[in-house]
Amino acid sequence: MSAVRIDGKAFAAKVRAQVAEHVTRLKQDHGITPGLAVVLVGEDPASQVYVRSKGKQTVEVGMNSYEHKLEADTSESDLLALIDRLNNDPAVHGILVQLPLPGHLDEDLVINAIDPAKDVDGFHISNVGLLGTGQKSMVPCTPLGCLMMLRDHHGSLSGMDAVVIGRSNIVGKPMAQLLLGDSCTVTIAHSRTKDLPGAVRRADIVVAAVGRPQMVPGDWIKPGATVIDVGINRIDKPEGGTRLVGDVDFDSCAAVAGAITPVPGGVGPMTIACLLANTLTATCRANGVAEPEGLTA
Ligand code: GUN
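Thresholds applied
- Residues numbered from 1 in each chain as written.
- Predicted model: local features only at pLDDT ≥ 70, side-chain atom pairs only at ≥ 80, totals over all residues.
- Heavy atoms only, no water.
- Salt bridge = Lys/Arg side-chain N within 4 Å of Asp/Glu carboxyl O.
- Helix = DSSP H or I, 4+ residues; strand = E, 2+ residues; numbered from the N terminus.
- Buried < 20%, exposed > 50% of the residue type's maximum accessible area, 1.4 Å probe, protein only.
- 1 Å grid on protein atoms, 1.4 Å probe; cavity = no way out; pocket = protein on both sides within 12 Å on 5 of 7 lines; lining within 4 Å.
- Points joined across faces, edges and corners; volume = space filled by probe spheres on them.

Visitor: Please clarify how the pattern of salt bridges should be interpreted in this entry.
Guide: Opposite charge on two side chains permits them to pair, given that their charged atoms come into close proximity. Scanning the entire structure with this criterion turns up seven salt bridges. Ionic pairing is found between Arg-151 and Asp-182, a salt bridge with its closest N-O pair at 2.8 Å. Here Arg-151, found in helix H6 (residues 141-154), pairs with Asp-182, found in the loop between helix H7 (172-181) and strand E6 (185-189); they are 31 residues apart in sequence, far enough to count as distant. Using a relative accessible area of 28% as the deciding quantity, one classes Arg-151 as partly exposed. For Asp-204, the salt bridge identified is with Lys-222, shortest N-O distance 2.8 Å. With a gap of 18 residues between them, Asp-204 in the loop between helix H8 (196-201) and strand E7 (205-208) and Lys-222 in the loop between E7 and strand E8 (226-229) connect regions that are remote in the sequence. Judged by relative accessible area, which is 30%, Lys-222 ranks as partly exposed. Three or more residues joined by partner-sharing salt bridges are found here, namely Lys-136, Arg-285 and Glu-291.

Have a look at this one:
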């Protein structure tokens, strides 16, 4: 079998177009322009690239983008003071603090200082609790993007066996909650799982989010399963130079799977698209305007 490629790049463009349409309507009908504040502490090169890309795409969908770049040695109290200002700024509907933070800053403390209604990452403990209990919340962007692609491909996910490989707070755990919310039978596998190949072989849906290049081979995949690859790993090419690969071995998995996301061009572009969708959702909720359909969990 040769798998269908799930085109995350095209899907993300569709989501951004939908967001842009709603932003235009919010401006015209209500005089509201959604605003997203992104806070970057330090000079991590990968984080700088992400933040630049977020700012650019925010403006492209018609939202206001507020970038706050702070020195790597910024004190916790200065960062908390900035978050407090953003929490109280009516022009800011979404706040994202780029992770990882420099080691001297307490990530949990900082994330939990964000107003949960503006927590477009869905990392605040209130949003985590709301998601876990099936209540309306802000949903983490990468798992939301994966869910959108799965729903688009399958329609209903009800009754499907899903395995999530990886138990991070950013992807693995919220992904499992979302799949459970859509009535999948969910296994969360991780580095201590005794029989990982066995767990993956049972799954109709495989979400790989471990950060280990090409660790899932095709002979672990159930024929016809849908494979969502969250990994973005840079590896050396034998002939020199580098290339991006996911957490699954694309060629061998694509030969067995029913559908698969490529790397790059799969989950990656969906993350920022869902950040924009979350910013729109937060703006609508803050202003008592009906939320757009299909852009939330
Ligand atoms: N660093 C890597 N992924 C993310 C993300 O989704 N949100 C934030 N804030 N930081 C990240």
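Now, onward.
Visitor: What is the right way to read the layout of surface pockets from this model?
Guide: Think of a ball as big as a water molecule: rolled over the atoms, this probe shows where empty space is left. Roughly 1,400 Å³ of volume is contained in the largest pocket. Along the wall of the largest pocket there are 46 residues; nearest its centre are Tyr-50, Thr-142, Ile-232, Gly-268 and Thr-271. Only helix H1 (8-30), helix H2 (45-60), strand E4 (94-97), H6, strand E9 (233-236) and helix H10 (267-287) provide two or more residues apiece to the lining of the largest pocket. Ranked by residue count, the leading element in the lining of the largest pocket is H2, at seven residues. Counted as a void, the second largest pocket has a volume near 390 Å³. Taken together, 17 residues form the lining of the second largest pocket, with Asp-108, Phe-123, Val-128, Asn-169 and Ile-170 sitting closest to its centre. Of all elements in the fold, only helix H4 (107-111), helix H5 (125-132) and H7 reach the threshold of two or more residues within the lining of the second largest pocket.

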